[in-house]
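Structural features, examined
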Amino acid sequence: ADIIAKVRPPEAAEIARLRPGKTLISFFYPSQNKDLLEQAMGTGADIIAMDMVPRISRAQKMDALSSMANIAGYRAVIEASANFGRFFTGQVTAAGKVPPAKVLVVGAGVAGLAAIGAATSLGAITYAFDVRPEVAEQIESMGAEFVYLDFPEAQVDGAATGGYAAPSSPEFRDAQLMKFRELAPQVDIVITTALIPGRDAPMLWTKDMVDAMKPGSVIIDLAAERGGNCELTKADRKIVTANGVTIVGYTDFPSLMAAQSSTLYSTNIRHMLTDLTPAKDGKVVHNMEDDVIRGATVAYRGAITFPPPPPKIQAIAAQKPKEKAKGLTLEERRAKEAADFKTATNVQVTLLGIGTILMLLVGNYAPQSFMGHFVVFMLSCFVGFQVIWNVSHSLHTPLMAVTNAVSGIIILGALAQIGSSSWLVAIVAALSVLIATINIVGGFFVTRRMLAMFHKS
């Protein structure tokens, strides 16, 4: 074969069978498998590591690490629910009241966000922590509560490290552990996802935190393969501590959803092959000027090309942390929200006063016919607004439903004017009907195509 695609890193015996001109595509972890990389260089084959695909927008379709992390995050919640043995959502029944489960997700990368989405959809009260302040909005938009630290230093910005969190200072780490000790007795489920490729997992959940947790609590450690974020994690094992806390240290979460993992990984491979064969003639063009191919290539024509140079396009644009993410305490945030609300109210009252004064001036000086038309115009705006926003979202998006409602009102108004004695008014009305009709028909065509995407062939 000219091209070999694998899942796990190749073994030494497999590398020995490679020859110049062949291309191997698989997970490789070059920083951890230096001997394997040296052996691969000696074969003269081209090695593409799927774990080295740069995290830029154009490469998302080939980002196998994100694909597998997404599955692992989702599966972690399913595994937690199976071991937890209670409802995630709160229940009030004739037999008694069941409180909702409290879930803490440590690390809000791809796996963490997937875990947050699954936990909130199951009805759990979800908390999440990450050292990167820019992910606070993402966490809150998914229905979870971001755990803030009362820490004077600005939190670490992970943008410079390809989207991964950079190692934090000892002082920040101490504040972080103190916060976790505070949360440990309150949470029922902890899902840890903090891991930077090529490094050992940081220790974030210590033995005393495990001891402080309630009996029946569950810890899912997604970093178990690199030592684990929990001090008591055993790789590839599930253990129960003396105080009844279950710690799951499986290292094969994507394999527990093999069908889904195979589907997504094969799609990543297909997109990689598409980029390697731009002419669609089956001939591999290993373009080392391409950021994605260059970044993923660890050995090329008898030379080691790892580590790659920084991509020309930044992985994630550095964002300015919002004020609320700069370590504000709960009391400070509440005071700020109250001040913002007061400011917004003052602005609204001021605008209302200015509008009232303007209306009085217009009423005093404008002719009576103008005021009659103005009242009709205002009533039309109100009625039109009520009509548009009460349209049922039968189309695939609320936006499409609203635009079609607006187009419908335009057509009604144009039909009322199309018989006007003025030729200019009649032409404008006819054009309005034509354009609005195109918009409506286009909306239904787009809806039809969107629905067709979900039809089984």
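Below or above, wherever it landed, is the structure these notes cover. Because the structure is predicted, anything quoted here is derived from the model rather than measured.

Cut-offs and rules
Residues numbered from 1 in each chain as written. Predicted model: local features only at pLDDT ≥ 70, side-chain atom pairs only at ≥ 80, totals over all residues. Heavy atoms only, no water. Pairing = 2+ DSSP bridges. Helix = DSSP H or I, 4+ residues; strand = E, 2+ residues; numbered from the N terminus. Salt bridge = Lys/Arg side-chain N within 4 Å of Asp/Glu carboxyl O. Buried < 20%, exposed > 50% of the residue type's maximum accessible area, 1.4 Å probe, protein only. Axes fitted to C-alpha atoms, helices over the stretch in contact; angles between N-to-C directions. Parallel < 35°, antiparallel > 145°, perpendicular 65-115°, else oblique. Left-handed = near helix turned anticlockwise from the far one by under 90°. Contact = heavy atoms within 4.5 Å. Nonpolar A, V, L, I, M, F, W, Y, C, P; charged D, E, K, R; others polar. Phe/Tyr/Trp six-rings, centres within 6.5 Å; stacked < 30°, edge-to-face > 60°. Expected span 1.5 Å × (residues − 1). Core = buried A, V, L, I, M, F, W, Y, C linked by side-chain atoms within 4.5 Å.

**Some words on the sheet that holds strand 3 (residues 46-49)**
- In space, the five strands of this open sheet follow the order 1-2-3-13-14, with mixed pairing throughout. One side of each edge strand has no neighbouring strand; the edge strands of this open sheet are strand 1 (3-5) and strand 14 (303-304).
- Strand direction decides the pairing type here: strand 2 (residues 23-26) and strand 3, joined by four bridges, are parallel. Bridge pairing in strand 3 places I25 opposite I48.

**Focus on the pattern of salt bridges**
- Counted by the stated rule, this structure contains 13 salt bridges.
- The salt bridge involving E225 is made with R8; its shortest N-O contact spans 3.7 Å. Within this pair, whereas E225 is found in the loop between strand 10 (218-221) and strand 11 (238-240), its partner R8 is found in the loop between strand 1 and helix 1 (12-15), the two being separated by 217 residues in sequence.
- Residue class for E225 comes out partly exposed when judged on its relative accessible area of 48%.
- Between E79 and R75 there is a salt bridge, and its shortest N-O distance comes to 3.2 Å.

**Description of the packing of helix 3 (residues 64-84) against helix 8 (residues 258-276)**
- Across the interface, helix 3 lies against helix 8 with an axial gap of 9 Å and an inter-helix angle of 165 degrees. Taken together, helix 3 and helix 8 sit at an angle that is classed as roughly antiparallel. As for how helix 3 packs across helix 8, the hand of that crossing is right-handed. Residue-level contacts link A64, S67, M68 and I71 of helix 3 to Q260, S261, L264, Y265 and N268 of helix 8.
- Looking at the contact of helix 3 with helix 8 residue by residue, the class counts come to five nonpolar, four polar and no charged.

**Focus on the packing of aromatic side chains**
- In total, this model carries eight aromatic pairs according to the counting rule given.
- Plain terms: the ring middles of F27 and Y265 are 5.5 Å apart, the flat faces sit at 20 degrees to each other, and that makes the pair stacked. Residue F27 is found in the loop between strand 2 and helix 2 (34-43), and its partner Y265 is found in helix 8; the two are separated by 238 residues along the sequence. The same class applies to F27 and to Y265, which are both buried.
- Ring centres 6.3 Å apart and planes at 85 degrees place the aromatic pair F84 and F88 in the edge-to-face group.
- Taking the relative accessible area as the measure of exposure, F84 reaches 10% and is therefore buried.
- Relative accessible area serves as the criterion here: at 6%, F88 is assigned to the buried category.

**A short note on helix 13 (residues 423-452)**
- Along its 30 residues, helix 13 runs 44 Å from first to last C-alpha, staying within 8% of the 44 Å computed at 1.5 Å per residue.
- Listing the buried residues of helix 13 in full gives A426, A429, V433, A436, I440, G443 and T447.

**Brief notes about the environment of R8**
- C-alpha of R8 to C-alpha of Y29: the two residues are 21 residues apart in sequence and 9.7 Å apart in space.
- Non-local contacts of R8, meaning those with residues more than four positions away in its chain, are made with S26, F27 and E225.

**Structural notes on the nonpolar core**
- Membership of the largest hydrophobic core comes to 32 residues, with the highest contact counts inside it found for V103, I139, I189, I191, I220 and L222.
- Among the secondary structure elements, those contributing two or more residues to this core are helix 3, strand 6 (102-106), helix 4 (110-121), helix 5 (136-141), strand 9 (189-192) and strand 10.
- Not counting chain neighbours up to four residues away, the residues in contact with I139 comprise A108, L113, I116, A128, A144, E145 and F146.
- The next biggest cluster of nonpolar side chains, apart from the first, holds 27 residues, and it includes F172, L177, V187 and I247.

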